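Commentary on secondary and tertiary structure
Below, each chain spelled out in residue letters.
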Amino acid sequence: MPRTLPEPEIMYKALLEKDPRFEGIFVAAIKTTGVFCRPTCHAKKPKPQNVEYFGSAQDALLHGYRPCKLCTPLDYQGKMPDWLEPLIKEVDANPGIKLKDYELKQRGLDPNRVRRWFKKHLGMTFQAYLRGLRIAQAFGNIKHGDQVIEAAFASGYDSVSGFTESFKKNAGVNPSASQAKDLVRFSRVLTPLGPMLAGANDQGICLLEFTDRRMLETQLARLKKSLKSELLPGQSPHFDNLQTQLEEYFNGKRREFDLPLVFMGTPFQKQAWRALLDIPFGSTRSYKEQARALGRPEAVRAVGKANGDNPISIVVPCHRLIGSNGELVGYGGGLWRKRYLLNLERGDG
């Protein structure tokens, strides 16, 4: 069954405004040029009558269109560019590395271009990212019993005072007090609906949210407060598994996620989020039905608020709650993403 698309007027407006919320919802095929584009493509916009819309790149290809070279619609939105991959691999192999602008130039990279990419996709400069990695490494070392001076030099710092100042600025506490704190590492994962920010501590995944969500900063602040943790960039053994299972889900090869989850919130919120995991794949419930399932039939509004505060999107399927009249309501990632996920699970995608 073909995927349900928004009205042509809505899609054309999204194309004109380069609206990122429609990434993964449709591609626009241009009849006069024979190419198809993402909604966010920066190419000159055609007249409305010269645009044909498809629910996937595959459909556009089957109709004889070729992918736009400017917006590369066959790639996941937010995919790391080829020019940046060697640098990231070098940093991943040596998280204590320090790289000045002139050293980036020696590698054939424009420091301003690198900075802009990191600001856009991780909300920090490249240098801040490197500092965060060094502090994260030191945080782990101290948690496992290293002395502060040992952690400082192992993380690439030239002096204990410089390390202490940077550690306190990034981790919020002095190194000697860090053993009482937990660490949440965060990184990007890619989906057809755009990049998401994932967070994990040693116990499991505690955050998965679209990077363009307005409430993301609030979610991060709640995470720090609830888990009494500091958030620093870095890798976690949970992220590879998360990325793999998300790819399987979007490719129609996975109906349930098998990941350790860490919920942060009030007892009622945790109860509400765990109840979301009981909604079968391909099914939906109204907020009233969910309140009854929780044994709290009077708590419809509280269920709705807890649903909106869910910090682990997709894996904890808050998109499966709908209005009592069947309408799609209340999804922090955008209603078009909600429609996409429900269509995917029903086999309409």
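In this report, we go over the structure that sits alongside the text. Since the structure is predicted, the reported quantities are computational estimates derived from the model, not experimental observations. (Residues numbered from 1 in each chain as written. Predicted model: local features only at pLDDT ≥ 70, side-chain atom pairs only at ≥ 80, totals over all residues. Heavy atoms only, no water.)

1. A few points about the overall build of the protein
Applied cut-off: Secondary structure is summarised from DSSP: a helix means a run of H or I of at least four residues, a strand means a run of E of at least two, and numbering begins at the N terminus for each. Whether two residues touch is decided by their heavy atoms; if any such pair falls within 4.5 Å, the residues are in contact. Per-residue accessibility takes into account occlusion by the displayed protein chains alone, with areas from the Shrake-Rupley method and a 1.4 Å probe.
Summing up its helical and strand segments, the protein has 14 helices and 10 strands in all. Contacts in the protein between residues at least 24 apart in sequence constitute 60% of all its contacts with a sequence separation of at least 6. Carbon and sulfur atoms make up 49% of the accessible area of the protein, which totals about 17,500 Å².

2. Notes on the packing of aromatic side chains
The geometry of an aromatic ring pair is captured by the separation of the ring centres together with the interplanar angle, meaning the angle of the planes. Applied cut-off: Stacked, edge-to-face and tilted are the three classes for Phe, Tyr and Trp ring pairs, Trp counted by its six-membered ring, which pair at centre distances within 6.5 Å; planes under 30 degrees apart are stacked, over 60 edge-to-face, the rest tilted. Between buried and exposed lies partly exposed: a residue is buried under 20% and exposed over 50% of the maximum accessible area for its type, with that area taken using a 1.4 Å probe on protein chains only. Only lysine NZ and arginine CZ atoms are considered, and such an atom sits over a ring when it is within 6 Å of the ring centre and within 35 degrees of the ring normal.
Following the criterion strictly, the structure yields 11 aromatic pairs and no others. Ring geometry for Phe263 and Trp273: centres 6.0 Å apart, planes at 40°, overall tilted. Separated by 10 residues along the polypeptide, Phe263 in the loop between helix H10 (237-250) and helix H11 (267-276) and Trp273 in helix H11 bring together distant segments of the chain. Classification of Trp273 by relative accessible area gives buried; the value is 2%. An aromatic cluster of at least three residues, connected via ring pairs, comprises Tyr249, Phe250, Phe257, Phe281 and Tyr340. Seen from the ring of Phe210, Arg337 lies directly overhead, with NZ or CZ sitting 4.0 Å from the centre.

3. Some remarks on the nonpolar core
The following threshold applies: Among the buried residues, those of types Ala, Val, Leu, Ile, Met, Phe, Trp, Tyr and Cys that are joined through side-chain atoms within 4.5 Å form a nonpolar core.
The biggest cluster of nonpolar side chains holds 56 residues, and the ones touching the most others in it are Leu208, Leu242, Phe250 and Ile314. Beyond its immediate chain neighbours, meaning those up to four positions away, Ile314 contacts Met196, Phe210, Leu246, Tyr249, Phe250, Phe257, His319, Tyr331 and Leu341. If you look at the next biggest cluster of nonpolar residues, it comprises 29 residues, including Leu87, Ile97, Ala128 and Leu133.

4. A few points about the environment of Lys338
Rules: In protein, a polar contact requires one atom able to donate a hydrogen and another able to accept it; more generally it is a pair of N or O atoms within 3.5 Å, and residues adjacent in sequence count only if both atoms are side-chain atoms.
Residue position: Lys338 is located in helix H14 (residues 335-346). According to the relative accessible area criterion, Lys338 is buried, its value standing at 0%. A C-alpha to C-alpha distance of 9.9 Å links Lys338 and Pro317, two positions 21 residues apart in sequence. For Lys338, the residues in contact, after removing those within four places along its chain, are Tyr287, Cys318, His319, Leu321, Ile322, Leu328, Val329, Gly330 and Tyr331. Side-chain polar atoms of Lys338 contact the backbone oxygen of Leu321, separated by 2.5 Å.

5. Digging into the sheet that holds strand S4 (residues 66-67)
Defined as follows: Paired strands, as defined in this entry, are two strands with at least two bridges between them according to DSSP.
Pairing within the open sheet is mixed, and its 4 strands lie in the order S3-S1-S2-S4. Whereas interior strands pair on both sides, the edge strands pair on one side only; in this sheet they are strand S3 (51-54) and S4. Bridge count for strand S1 (residues 27-30) against strand S2 (residues 35-37) is 3 bridges, and the pairing is antiparallel. Bridge assignment links Ala28 to a residue of S2, and that residue is Cys37.

6. Points about helix H5 (residues 111-122)
Applied cut-off: The span one expects for a helix is its residue count, reduced by one, times 1.5 Å. Working note: the arc is built from the helix axis to C-beta atom directions.
For H5, with 12 residues, the first-to-last C-alpha span of 16 Å sits near the 16 Å given by 1.5 Å per residue. All of the buried residues in H5 are Pro111, Val114, Trp117, Phe118, His121 and Leu122. In a view along the axis of H5, the buried residues occupy a sector of 130°, so they form one face of it. Two residues or fewer past H5, Gly123 is found with a positive phi of approximately 75°.

Just geometry here; none of it tells us what the structure is for.
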